[in-house]
Amino acid sequence: MGGPTLPASVRRLLIAVALIALTPSAALAQWRRADSQNFIVYSDGSERSLRDYTARLERFDALLTSRLGGGQAAEARRLPVYLVGDGRALRVAVPGLPAGIDGYYSTSENDVFAVLVRGESDDLLLHEYSHHAMARAGNARYPAWFREGFAEYFATATVTEGGEASFGLPSQARMRALQQNRWLPMDQMLRADSSLVIDSEAGRGMFYAQSWALTHWLLADTDRVRNLSAYVNAVNGGQDPVEAWQAIFAMTPDQLTAALRAHVRGRLTYAKVDIPPISPTITVTPLSPAADAVLLPAINARAWDPDGVDGPALLEALRTAAGRYPDDPLALVALGRAEMRWGDQVAAETALTRALEREATNVEGLILMADLATGRGAAATDEAEQTRHWDMARDFLRRALEADPTDARIYSARNRFRRSGGI
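Per-chain numbering applies: the sequence of each chain, read as written, is numbered from 1 onward. Under the rules for a predicted model, residues below a pLDDT of 70 receive no local features and side-chain atom pairs below 80 are neither given nor counted, while totals for whole chains, interfaces and linings still include all residues. Hydrogens and waters are ignored; side-chain quantities use all the structure's heavy atoms.

Points about the sheet that holds strand 3 (residues 79-84)
Pairing in this open sheet of six strands is mixed, and the strands run 4-5-3-2-1-9 from one edge to the other. The outermost strands of the open sheet, each flanked by one partner alone, are strand 4 (103-107) and strand 9 (283-286). Ignoring which end each strand starts from, the neighbouring axes of this sheet average 15° apart. Paired strands, as defined in this entry, are two strands with at least two bridges between them according to DSSP. Only runs of H or I of at least four residues qualify as helices and only runs of E of at least two qualify as strands under DSSP, and these elements are numbered from the N terminus. As paired elements, strand 1 (residues 32-35) and strand 2 (residues 39-43) share four bridges and run antiparallel to each other. Counterpart to Asp 35 in the pairing with strand 2 is Ile 40. Those strands touched by helix 2 (residues 47-68) are strand 1, strand 2, strand 3, strand 5 (112-117) and strand 9, and its axis lies near 150° from that of strand 2. Axis lines are fitted to C-alpha atoms, over the contacting stretch for helices. Their N-to-C directions set the angle, which ranges from 0 to 180 degrees. In what follows, a contact means two residues having at least one pair of non-hydrogen atoms within 4.5 Å.

Okay, here's the thing in C-alpha cells:
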C-alpha cells in the first residue's frame, strides 16, 4: 500500500535527512545484514539485537506456518525487513506516513519489504509480518478491517525457543482504547479500504482496536468463521460491505457494535499450542559505509506509487552518494535505479555495469539490467536487435536466479519480461 503524498518541499526535507551522513562531521552508523531461512534483516543497531530480532521472526514464522499451512511456492522467497532508529528514518524510506505509525509493510512489483522502528514492542514486528504471511497463504482479497484485525490477533503472540506458543490476546493499549475511547461507526469500519483513510491518529488507533475485536469475535465461533468466508466472497463479488454483512450475519452495524462491546467485556479466550522448536541459523554481515547514505532512500526509489516519490530529489541524493562512493555496488545500484526512473538511461547502464563489475552476483543490479534490456527489446523495430536485447535480459535474469532464488523481485522482473513479449 502507499501512504498519502506530502508537498514536494516536505518530501525533499525528509530525503535530505538521509544526506546527513554525507557530511564529513557526521558519524556513520554501522549497518548490518542478517540472513536466515525466511528473512533478510537490515539494522544499524547492535549485532546482538539484530540476531535476536531475526530469531524471533523465524519462531513467529513457524507459528504462522503451523496455523496457515504451507502457503504457495512464494513462501520460499525471503522477506526483507529494515529496522530503523526512529520515525524520522522510517519516513526517509516511506515519506508521507501519518503520525503514530511506526511500521510499514508493502508488496509491489518493485519490492516486498517491511520497515520498522527498532526498539518498539514485538507487537509491531509481528503485526507487520502477519500481513506478509497472510498474503503468502493465498490470493483472497480481504477487507481492510480483517487484514488489520488478523495482524493484531497474532501481534501479541509469544513463541519460546522450546516451541510453546500462544496467540489471540489483545494488547493492553488496544483494550484501553476499546474500554475508554469513542468507537468508530461500524459501517465506516466495514467500508474502509485502509486504516489510512481515517483522518486522525486517535481514529486510526480505534480502527486497529475495533478490527482486533471484530476478528477475535469472529474466530471465537465456527459458525461465524463460515459466515466470514461467505462475506468475503460477497464483497469480492461487488456487494456493498454493509449490505452484505446484514444479509449474511443478520446484524445491523449498531447490533454488531453492541455484540463487540459485550464480547470485549466478557472473558476473552486465547490459544496455546506447541510447535516444533527451532534453532535458526543466522549469518550476520556488515554492510559498506555507503549503506548509511543510500539504503533508506533506495527503498523510497523502489516505491511503486510515483505520487509518493520525489524523483528529482532522490536522483540528486543518490548521485551525491555515488559520487562519494564511486566503487560501492550498493551506491551504484541505487543510482542506477534512480537514473532509470528519473534521469538518463545511459547513465543508469553505466552505473549498473560498474556495480556488476565489482559484485557480479548483485541481484538488484542484475534485475535492473534485465529491465533495461527488456525495455529496449520491446522498443526495437529490427527483429535481430530485439532478439539480442531479449537474450541479454534472459541472461541477466538467469544470473539473478542463480545468485538468490529466494528474492521475490526476480519473479516480478521475469513477469515483466514475459509481458513485453519475451519468451
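Digging into the layout of surface pockets
Using a 1 Å grid laid over the protein atoms alone, points where a 1.4 Å probe fits but cannot get out form a cavity; open sets with protein on both sides within 12 Å along at least 5 of 7 lines form a pocket; any residue with an atom within 4 Å of a point counts as lining. Grid points are joined across faces, edges and corners, and a volume is the space filled by probe spheres set on the points. Here the second largest pocket defines a volume of roughly 760 Å³. Lining the second largest pocket we find 31 residues, and of these Arg 33, Tyr 42, Leu 330, Asn 362 and Arg 409 sit closest to its centre. Looking at the lining of the second largest pocket, the elements that each hand over two or more residues are strand 2, strand 3, helix 12 (291-301), helix 14 (329-342), helix 16 (363-379) and helix 18 (408-419). By residue number, the principal contributor to the lining of the second largest pocket is helix 14, which donates five residues. For this classification, the nonpolar set comprises Ala, Val, Leu, Ile, Met, Phe, Trp, Tyr, Cys and Pro, the charged set comprises Asp, Glu, Lys and Arg, and every other residue, Gly included, is treated as polar. The residue makeup of the lining of the second largest pocket, split by class, is 16 nonpolar, four polar and eleven charged.

Remarks on the nonpolar core
To define a nonpolar core, start from buried Ala, Val, Leu, Ile, Met, Phe, Trp, Tyr and Cys residues and group those joined through side-chain atoms within 4.5 Å. When a residue's accessible area, from a 1.4 Å probe over protein chains only, is under 20% of the maximum for its type it is buried; when over 50% it is exposed; and in between it is partly exposed. Leu 63, Val 81, Trp 145, Leu 178, Leu 214 and Trp 245 are the most contacted members of the largest nonpolar core, which totals 70 residues. Discounting residues that sit within four places of it in the chain, Trp 145 has contacts with Met 189, Leu 190, Phe 207, Ser 211, Leu 214, Thr 215, Leu 218, Leu 228, Tyr 231 and Trp 245. Grouped together as the second largest cluster of nonpolar side chains are 36 residues, Leu 315, Leu 318, Leu 332 and Leu 366 included.

Thoughts on the sheet that holds strand 7 (residues 164-167)
Taken in spatial order, the three strands of this open sheet run 6-7-8, and their pairing is antiparallel. Both edges of this open sheet fall to strand 6 (158-159) and strand 8 (271-274), since each of them pairs with a single strand only.

Remarks on helix 14
The span expected for a helix works out to 1.5 Å for each residue beyond the first. If you check helix 14, its first and last C-alpha atoms are 20 Å apart, about what 14 residues at 1.5 Å a residue would give, namely 20 Å. Restricting attention to buried positions, one finds in helix 14 the residues Pro 329, Ala 331, Leu 332, Val 333, Ala 334, Leu 335, Gly 336, Arg 337, Ala 338 and Glu 339. Buried-residue contacts for helix 14 involve helix 12, helix 13 (311-324), helix 15 (345-358) and helix 16. Among the residues of helix 14, the N-terminal cap falls to Asp 328, whose side-chain oxygen and the backbone nitrogen of Leu 330 are separated by 2.8 Å. Each polar contact in these results corresponds to two N or O atoms within 3.5 Å; when the atoms are within protein, one needs to be able to donate a hydrogen and the other to accept it, and residues that are neighboring in sequence are counted only if both atoms are side-chain atoms.

Quick notes on the confidence of the model for the chain
As a note on interpretation, predicted positions should not be read in detail where pLDDT is low. Mean pLDDT for the chain: 87, with 89% of residues reaching 70 or above. Note that residues 1-26 has pLDDT below 50 and, in this model, 55 contacts with residues that lie over four places away or in other chains. pLDDT runs from 0 to 100 and stands for how confident the predictor is about each residue.

Quick word on the environment of Met 134
Take Met 134: it is sitting in helix 4 (residues 122-137). A relative accessible area of 11% means that Met 134 is categorised as buried. Distance from Met 134 to Phe 150, taken between C-alpha atoms, is 8.4 Å for residues 16 residues apart in sequence. With near-sequence residues (within four places) excluded, Met 134 lies in contact with Leu 68, Tyr 142, Phe 146, Arg 147 and Phe 150.

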